[in-house]
Amino acid sequence: MKKKAILTFLTLLMPLLASAQWRVGVTAGAAYNHYSIDKQYWLDYQYEGAWSPTIGVTGQYDFNSWLGVRADLSWTQKNHREYRRRLENVDYKVKNHYLLLPVMASFNFGGQKLRGFCNLGVYGGYWLSSHIDGVLAGYIDGIAYPLDTKVEFMSERDNRWDCGLAGGLGLEYRFDCHWIMQAEARCYYSTTSTVKDYQQKRQTRYNTTIGLQAGVAYCF
């Protein structure tokens, strides 16, 4: 009975394997990060999104002409600006460097050369480093002091692991039997707060990152 079930499974799998194809490539682009925070009583503080670069490598396994699985490894900055509306001497940009690994199902549609695709899945990431650049008022004298420093992580405060949902829409053009060009708009929606629950009043902070990227891939 088991042998018969295995043979039946392999018979159904063979057409998929016959048309399967690997591809590997590189991507580069820009990402806009939206930083949302539960400000509670910090009503004077303002947070704005910021653009930043993103680069990565990608691998995809196509089961057939319309379905594949894709994994990317990318370095992406999740930046934002912080300032206070009533104080000109508090204004700085926070640069957060992340390593992201999304794993997504890739659905393809269209003609032989020009095709559209939709990627849907999840991602995991790690907060590599953080840097602040701008001005910040002193607590006692109120004088604006320049900032250009690396942020030291605190294990009881900072949540360096990141995970959430990933998805994108794009177009690809096959200009050779082995080479493909792609352009994609992608969203990383984080479901983990960058700040741990270490205060009496919890202040959650989340990143939502929209990326515009282009790349080239080699098909085996």
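Relevant structure appears above.
Residues numbered from 1 in each chain as written. Predicted model: local features only at pLDDT ≥ 70, side-chain atom pairs only at ≥ 80, totals over all residues. Heavy atoms only, no water.

So, the packing of aromatic side chains
Aromatic ring pairs are defined here through the distance separating the ring centres and the angle between the ring planes. Enumeration according to the criterion identifies ten aromatic pairs in this entry. Over the ring of Tyr83 we find Arg81, and its NZ or CZ is 4.1 Å from the ring centre. (Phe/Tyr/Trp six-rings, centres within 6.5 Å; stacked < 30°, edge-to-face > 60°. Lys NZ or Arg CZ within 6 Å of the ring centre and 35° of its normal.)

Focus on the pairing of strand β9 (residues 179-190)
Only one face of β9 is covered, namely the face carrying Ile180, Gln182, Glu184, Arg186, Tyr188 and Ser190; the face carrying Trp179, Met181, Ala183, Ala185, Cys187 and Tyr189 is uncovered. Taking the residues that link successive antiparallel strands as the turn, the strand β8 (residues 161-174)-β9 hairpin has four residues. Here β9 runs beside strand β10 (residues 205-219); their pairing, made up of eleven bridges, is antiparallel. Across the sheet, residue Arg186 finds its bridge partner in β10, namely Gly211. (Buried < 20%, exposed > 50% of the residue type's maximum accessible area, 1.4 Å probe, protein only. Helix = DSSP H or I, 4+ residues; strand = E, 2+ residues; numbered from the N terminus. Pairing = 2+ DSSP bridges.)

Quick look at empty space enclosed by the protein
Counted according to the given criterion, the structure contains three cavities of 30 Å³ or more. Its boundaries defined by the atoms lining it, the largest cavity holds a volume of some 100 Å³. Along the wall of the largest cavity there are 15 residues; nearest its centre are Thr54, Ser74, Thr76, Tyr188 and Gln213. Counting only elements with at least two residues in the lining of the largest cavity, the list comes to β1 (21-37), β2 (45-62), β3 (67-77), β9 and β10. (1 Å grid on protein atoms, 1.4 Å probe; cavity = no way out; pocket = protein on both sides within 12 Å on 5 of 7 lines; lining within 4 Å. Points joined across faces, edges and corners; volume = space filled by probe spheres on them.)

Quick notes on the pattern of salt bridges
All told, the structure shown has ten salt bridges when counted by the stated rule. The partner of Arg23 in a salt bridge is Asp62, with the nearest N and O atoms 3.0 Å apart. With Arg23 in strand β1 and Asp62 in strand β2, the pair connects residues that are 39 residues apart, well separated along the chain. A relative accessible area of 6% places Arg23 in the buried class. (Salt bridge = Lys/Arg side-chain N within 4 Å of Asp/Glu carboxyl O.)

Regarding the layout of surface pockets
A volume near 240 Å³ is recorded for the second largest pocket. Among the secondary structure elements, those contributing two or more residues to the lining of the second largest pocket are β1 and β8. With three residues, the top contributor of residues to the lining of the second largest pocket is β8. Classifying every residue of the lining of the second largest pocket by side-chain character gives two nonpolar, seven polar and six charged. (Nonpolar A, V, L, I, M, F, W, Y, C, P; charged D, E, K, R; others polar.)

Overview of the pairing of β1
Bridge count for β1 against β2 is 13 bridges, and the pairing is antiparallel. For Arg23, the partnering residue across the bridge sits in β2 and is Gln60.

Focus on the side chain of Thr27
Mapped onto the fold, Thr27 is located in strand β1. A relative accessible area of 14% means that Thr27 is categorised as buried. Residues in contact with Thr27, not counting those within four places in the same chain, are Thr54, Ile55, Gly56, Thr58, Arg70, Gln213, Ala214 and Gly215. (Contact = heavy atoms within 4.5 Å.)

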